[in-house]
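# Structural overview for review
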Amino acid sequence: MNIRLLSIDFDGTLVSRVSQPVLDAHCMKLIRDLQKDGVLFAINTGRSVDLLESGLTDFSFPMRPDFILTSERHVFRPGANGEKWEAFGDWNERGDRAHTELFHSAQSVLAEIVDFVTQKTKARLLYHSEGLEGLVAASDEEMDRTTEFIERAREGQPKFHYQRNTVYLRFCHADYHKGAALAELARLIQISRENIFAAGDHHNDISMLDGEVAAMPACPANAIDAVKNAVRHAGGHVAERDYGAGVHEALEFFMSR
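A short tour of the structure in this document, coming up. (Residues numbered from 1 in each chain as written. Predicted model: local features only at pLDDT ≥ 70, side-chain atom pairs only at ≥ 80, totals over all residues. Heavy atoms only, no water.)

Our next topic: the overall build of the chain. Regarding its fold elements, the chain presents 8 helices and 12 strands. For the chain, whose C-alpha radius of gyration is 18 Å, the value lies close to the compact-globule estimate of 18 Å for 257 residues. Projected onto its principal axes, the C-alpha coordinates of the chain cover approximately 50 × 40 × 35 Å. By the burial criterion, 54% of the 257 residues in the chain qualify as buried. Partitioning the intrachain contacts of the chain with sequence separation of at least 6 by distance along the chain shows that 55% fall at a separation of at least 24. With an accessible surface of roughly 12100 Å², the chain has 48% of that area assigned to carbon and sulfur atoms. Distance between charge centroids for the chain: 1 Å, based on 28 positive and 39 negative side chains. (Helix = DSSP H or I, 4+ residues; strand = E, 2+ residues; numbered from the N terminus. Rg over C-alpha atoms; globule rule 2.2 N^0.38 Å. Buried < 20%, exposed > 50% of the residue type's maximum accessible area, 1.4 Å probe, protein only. Contact = heavy atoms within 4.5 Å. Areas by Shrake-Rupley, 256 points an atom, 1.4 Å probe, with all protein chains shown as cover. Lys, Arg positive; Asp, Glu negative; His and termini not counted. Charge placed at Lys NZ, Arg CZ, Asp CG, Glu CD.)

Structure (structure tokens):
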């Protein structure tokens, strides 16, 4: 398998927040070696640009990614000075406009969700400068109940969707997610599906692990069952090791084929 582009989730995939080491040294070395051989490395995360930069610093990340895909939908490349990130093409602008228009038309759906969350759960609603962004549930069980309600509430607004990661949820446009951002990056740099490796661990990663945009999907052993099922169904590799060690295992698996 000729890998030309890596699209890898950050928290829970490359980074372990519950065990040591936080970063797997063998995985970091392999990614760095692949970069030296011309393979492009993208971190595909739910974090914002600033939060990702903080994470790279906090965890002493040993290399710079070639691209970052942030907030589960934005695509960035290095700016002219090599330090600041800049939007790659007009994808981010189009996506932000689509989200603004959607949330304006889905006010009744959002109102239903707010009523349910405030009256039926202990979840905390999250707001940003433009309005309601998402929520944090008190438990996985509560998140399950909440997403079941959202699925019913959005029936009349099929483009209104959400991205879920553990007990965190972000409302979004159904056409903008990690898989769509990866597909746009691949289009811009002219790399085909057959040459893309992708790895992730949670619900919000499935869109890049279902085989549609990356022919080499993978997940570490700590991934949730829904991710493992998606990876298996796409003919990918479910690792026996956790976090970065599992990513290293999956890369070696595809490189040896």
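To continue, consider the nonpolar core. Grouped together as the largest cluster of nonpolar side chains are 31 residues, with contacts concentrated most on Leu 6, Leu 14, Ile 31, Phe 61 and Phe 197. In terms of residue count, the dominant contributor to this core is helix H1 (residues 25-36) (5 residues). Setting aside chain neighbours within four positions, we find Ile 31 in contact with Leu 6, Ile 8, Leu 14, Phe 41, Met 63 and Leu 251. If you look at the next biggest cluster of nonpolar residues, it comprises 27 residues, including Leu 209, Ala 223, Val 227 and Val 231. (Core = buried A, V, L, I, M, F, W, Y, C linked by side-chain atoms within 4.5 Å.)

The next point concerns the pairing of strand S8 (residues 160-165). Strand direction decides the pairing type here: S8 and strand S9 (residues 168-173), joined by 6 bridges, are antiparallel. Paired with Arg 164 across the strands is Leu 169, a residue of S9. Taking the residues that link successive antiparallel strands as the turn, the S8-S9 hairpin has 2 residues, and the phi of Thr 166 there is positive, at about 55 degrees. (Pairing = 2+ DSSP bridges.)

This part covers the packing of helix H4 (residues 107-120) against helix H5 (residues 140-153). The contact between H4 and H5 brings their axes to 10 Å, and the two run at 155 degrees. On the basis of their axis angle, the class for H4 and H5 is roughly antiparallel. H4 and H5 meet at a crossing whose hand is right-handed. Between H4 and H5, the contacting residues are Val 109, Glu 112, Ile 113, Phe 116, Val 117 and Lys 120 on the first element and Arg 145, Thr 146, Phe 149, Ile 150 and Ala 153 on the second. (Axes fitted to C-alpha atoms, helices over the stretch in contact; angles between N-to-C directions. Parallel < 35°, antiparallel > 145°, perpendicular 65-115°, else oblique. Left-handed = near helix turned anticlockwise from the far one by under 90°.)

The values reported here are purely geometric and, on their own, carry no functional implication.
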